[in-house]
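# Secondary and tertiary structure notes
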Amino acid sequence: MVRLRTPAPHHVAQSKAEIEAAVRRLAPFHHAIDLPFGLSTFVPELSRQTRERTRLQTFLDHAWKDILTACGGSLKGKSVLDIACNCGGFSVQAARSGAEYVYGIDIDPHYIEQANFVKDAAGLQNVKFQQFDLLNLDPSIHGKFDLVLCLGILYHLENPVLSMKRIAAVTGDVLVVDTTLMKVPLINPVLDRWPLWHMRRVSATTSDAKNISTSRWRPDEFCQFAPNGTAVRSLLEYCGFAEIVRLKPTAKGLESRYYSGRRATFLARRQSSLTSNH
Ligand SMILES: C[S@@+](CC[C@H](N)C(=O)[O-])C[C@H]1O[C@@H](n2cnc3c(N)ncnc32)[C@H](O)[C@@H]1O
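All values reported here derive from a predicted model rather than from experimental measurement.

### A few points about the pattern of salt bridges
- Counted under the stated rule, the structure contains 8 salt bridges.
- Ionic pairing is found between Glu221 and Arg201, a salt bridge with its closest N-O pair at 2.8 Å. Taken as a pair, Glu221 in the loop between α8 (212-215) and β7 (222-227) and Arg201 in strand β6 (residues 197-202) lie far apart in primary sequence, 20 residues in all.
- The exposure class assigned to Glu221 is partly exposed, which follows from its relative accessible area of 46%.
- Classification of Arg201 as exposed rests on a relative accessible area of 60%.
- Between Arg257 and Glu255 there is a salt bridge, and its shortest N-O distance comes to 2.7 Å. This pair shows no difference in class: Arg257 is buried, exactly as Glu255 is.
- Three or more residues joined by partner-sharing salt bridges are found here, namely Arg55, Asp178 and Arg263.

Written out as structure tokens, the structure is:
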């Protein structure tokens, strides 16, 4: 596969004061990432919402073990694509879990600046972050990745089907989709019989937005579609995935949206594990 590798490593160690100053300049971060000197990207007094403290750890507690299992027990030697990587918490986790190469893309330059700061502060050399629109993913340029993380993005897209086709085209083996789901009180189980998408229009982001750590890429009004679980499965099947598993929220202490079913994680594999061993 063609890999967009970073130039030769030239990591410059940063002092504690330099890291602290950069965190304050770039905050708020959407992921609370551990940094050297016992520091973190999470600064309580600069945070806009609780999720900045909980997002990364909740997802790791909920899904990371299953992701490693789907990848054969570890990420050793694997290539990982982190789509809509934001400040890079999941890319860092993939690198720290032994991945050979991690490529994180996000459409917003500020989040890429945050991610590059984290990468340098943490001294990670096999990670590359790039400002890039997922709609331009192309296997003839990027190759295929063993593991693709598509977390917190499906329900933000104006073109979810086209986007998922592009994402599937660069997925060699395992695709993880973590998404908000459409949820209608009381009649939701009835609606789950059909693949449905709930359309909503969201307004442009302003600098005082509570969710500025994820929404600053939206300068104009935007149209978004929240799928139900049946629609996610159906879309993944349509994109050529043979095995699709919806993870149960079994870990304790997750964000409540995972227990309520408003948020869910799907593991999809190109080949069914039931048939690939035969
Ligand atoms: C809700 S955040 C999710 C961040 C992270 N993946 C997570 O799950 O915590 C959505 C991210 O998608 C990025 N994004 C939006 N549209 C995109 C696109 N077309 N291509 C790449 N990134 C995009 C935004 O800049 C933002 O960082």
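### Section: the environment of Leu175
- Residue position: Leu175 is located in strand β5 (residues 171-180).
- Spatially, the C-alpha atom of Leu175 lies 9.4 Å from that of Phe145, the residues being 30 residues apart in sequence.
- When neighbours within four sequence positions are excluded, Leu175 is seen to be in contact with Val148, Cys150, Met164, Ile167, Leu236, Phe241, Phe266, Leu267 and Ala268.

### Examining the site of the ligand
- Looking at the ligand, there are 20 residues lining it, with His31, Arg55, Ala84, Asp106 and Leu151 nearest.
- One nitrogen or oxygen atom from the main chain of Ile107 is found 3.2 Å from a nitrogen atom belonging to the ligand.
- In this structure, a nitrogen atom belonging to the ligand sits 3.0 Å away from a main-chain N or O atom of Leu134.
- When isolated, the ligand has an accessible area of 600 Å², and the protein chains bury 96% of it.

### Some thoughts on the UniProt feature "domain: Methyltransferase" (unreviewed entry) in the protein chain
- UniProt tags residues 76-170 as "domain: Methyltransferase" (unreviewed entry).
- Helix and strand shares over residues 76-170 are 38% and 24% respectively, and the end C-alpha atoms of the span are 19 Å apart.

How each quantity is defined
- Residues numbered from 1 in each chain as written.
- Predicted model: local features only at pLDDT ≥ 70, side-chain atom pairs only at ≥ 80, totals over all residues.
- Heavy atoms only, no water.
- Salt bridge = Lys/Arg side-chain N within 4 Å of Asp/Glu carboxyl O.
- Helix = DSSP H or I, 4+ residues; strand = E, 2+ residues; numbered from the N terminus.
- Buried < 20%, exposed > 50% of the residue type's maximum accessible area, 1.4 Å probe, protein only.
- Contact = heavy atoms within 4.5 Å.
- Near = heavy atom within 4 Å.
- Polar contact = N/O pair within 3.5 Å; in protein donor to acceptor, adjacent residues only side chain to side chain.
- Areas by Shrake-Rupley, 256 points an atom, 1.4 Å probe, with all protein chains shown as cover.
- UniProt positions renumbered as here; feature names shortened; annotations may be inferred.

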